[in-house]
Amino acid sequence: MKREEKKIEIKGFTLSELQNYFHQIGEPKYRALQVFNWIYNHLSTDFFEMENIPKSLRQKLSETCSLQTLNLVTTQSSLSTGTKKYLYSTLDNKKIESVLIPEGERNTLCISTQVGCPLDCKFCATGLMGFKRNLSVGEIADQYLLTAKEIRKEKITNIVYMGMGEPLLNFENTKRSVEIFTNELTVGLSRTRITISTAGIPKKIKELADSGLRVKLAFSLHSAFEDVRSKIMPINKKYSLLENLEALKYYSKQIKTRITFEYTMLKRMNDRDEDVTALTKLCNSLPSKINLIPFNSIKHMNPAGISAELEPTSNQDIQRFADKLRKNNITIMIRETQGDDIAAACGQLAGKIKKTLT
Ligand code: SAH
């Protein structure tokens, strides 16, 4: 294990970093491109598979570099929706999860950026498990690579950064993983098929706007009122909604994109008539749309405090709430719950396989 830790994690290297590395070890540049191709296009996890690389170099690479960042522990499929949860173990034995959501022609992969999460949102299972560490670029990329390898014939068409963790608090690695996913030589996903979801770090939202990545942005709103938002999302005390809205306006202007507001429906907390009014006003202040999310139970985490008191808005009331917003000309979608029977739905990821199913 110790020797393994010393190996260089070259998954997650950009092409130019890999070229630099090959230069350092006295190998020609084109070899870097060949290895790059093996990793990202052939989805190779073993240097010895790399047929066009000389045996001696394969041997050298396997001794000094590692292509393995995650081990698949288990998968679990939803009986009702086809959603599949992948539980991975990192090399230091931390558990993370990705979720594959097939919807018609689309295969959306929801990926994690941190082990746990430091934000402590009261409705989210990941928040309840606390924060362990950031994921490396290789670990973020590998969630895609290993899943793509498994489903081979069907392609992953969309990536959403909505798994465990806050992507903008692992900014550099998140950014570099997007570079890998959008690179034409590698995965080649269009930037419009990638969505980063954030609870709101204004400075980083602006930095992302200036980064040139031009991905879609989703903002976890959950209340248009500062006090309610602070109650269920403690991060709002540090970075207010007002400050975030200013950053989101900047993002939408720079990227010429609509912001998606994610809004988990909580009974009596954010589903009242005054919420419709405040939400309408907020949505009219920038190009946006709303994604209403049914609250997925976090009972498997044995929550305490406010978390234990939260209740879902009924489906009927979600429809009513949506209708009122539509009447106000707000673009709105109701997200279908995917995979709550396997704790793979939004906000249920906590590195646990639900015991009731095998
Ligand atoms: N930290 C990022 C990404 C992870 S959360 C963020 O906050 O956006 C991904 C989405 O799931 C967010 O919109 C989040 O608010 C939502 N979510 C979290 N817990 C949920 C739950 N129990 N039910 C429904 N949606 C939830």
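The structure displayed is predicted, hence computed values, not measured ones.

**Observations concerning the pattern of salt bridges**
Okay, so step 1: Taken as a whole, this structure holds 20 salt bridges when the rule is applied.
Okay, so step 2: We note a salt bridge from Asp92 to Lys94, for which the minimum N-O separation is 3.9 Å.
Okay, so step 3: Salt-bridge contacts for Lys175 lead to Glu172; the nearest nitrogen and oxygen are separated by 3.6 Å. Placement of both Lys175 and Glu172 in helix α7 (residues 171–182) is noted, with a separation of three residues, approximately one turn of the helix.
Okay, so step 4: You can call Lys175 buried: its relative accessible area is 19%.

**Structural notes on the packing of aromatic side chains**
Okay, so step 1: For the structure shown, the criterion picks out seven aromatic pairs.
Okay, so step 2: Between Phe13 and Tyr21 the ring centres are 6.4 Å apart and the planes differ by 75°, which places this aromatic pair in the edge-to-face class.
Okay, so step 3: With a relative accessible area of 19%, Phe13 lands in the buried category.
Okay, so step 4: Pairwise contacts between aromatic rings join Phe13, Tyr21 and Phe22 into one cluster.
Okay, so step 5: Lys204 extends its terminal NZ or CZ atom over the ring of Phe171, reaching a point 4.9 Å from the ring centre.

**Digging into the packing of helix α6 (residues 137–151) against α7**
Okay, so step 1: Running from N to C, α6 and α7 cross one another at 40°; their axes reach a closest spacing of 9 Å. Taken together, α6 and α7 sit at an angle that is classed as oblique. When you trace α6 past α7, the crossing you get is right-handed. In contact with Val137, Ile140, Ala141 and Tyr144 of α6, α7 contributes Asn173, Thr174, Arg176, Ser177, Ile180 and Phe181.
Okay, so step 2: For the contact of α6 with α7, a count of residues per class yields six nonpolar, three polar and one charged.

**Details of the packing of helix α8 (residues 202–210) against helix α11 (residues 241–255)**
The axes of two packed helices give the description: the angle between them and the distance between them.
Okay, so step 1: Across the interface, α8 lies against α11 with an axial gap of 8 Å and an inter-helix angle of 5°. By the criterion of interaxial angle, the relationship of α8 to α11 is roughly parallel. Only Glu243, Asn244, Glu246, Ala247, Leu248, Tyr250, Tyr251, Gln254 and Ile255 of α11 make contact with α8, whose side of the interface consists of Pro202, Ile205, Lys206, Leu208, Ala209 and Asp210.
Okay, so step 2: Here the contact of α8 with α11 is built from residues that sort into nine nonpolar, two polar and four charged.

What counts, and where the lines are drawn
Residues numbered from 1 in each chain as written. Predicted model: local features only at pLDDT ≥ 70, side-chain atom pairs only at ≥ 80, totals over all residues. Heavy atoms only, no water. Salt bridge = Lys/Arg side-chain N within 4 Å of Asp/Glu carboxyl O. Helix = DSSP H or I, 4+ residues; strand = E, 2+ residues; numbered from the N terminus. Buried < 20%, exposed > 50% of the residue type's maximum accessible area, 1.4 Å probe, protein only. Phe/Tyr/Trp six-rings, centres within 6.5 Å; stacked < 30°, edge-to-face > 60°. Lys NZ or Arg CZ within 6 Å of the ring centre and 35° of its normal. Axes fitted to C-alpha atoms, helices over the stretch in contact; angles between N-to-C directions. Parallel < 35°, antiparallel > 145°, perpendicular 65-115°, else oblique. Left-handed = near helix turned anticlockwise from the far one by under 90°. Contact = heavy atoms within 4.5 Å. Nonpolar A, V, L, I, M, F, W, Y, C, P; charged D, E, K, R; others polar.

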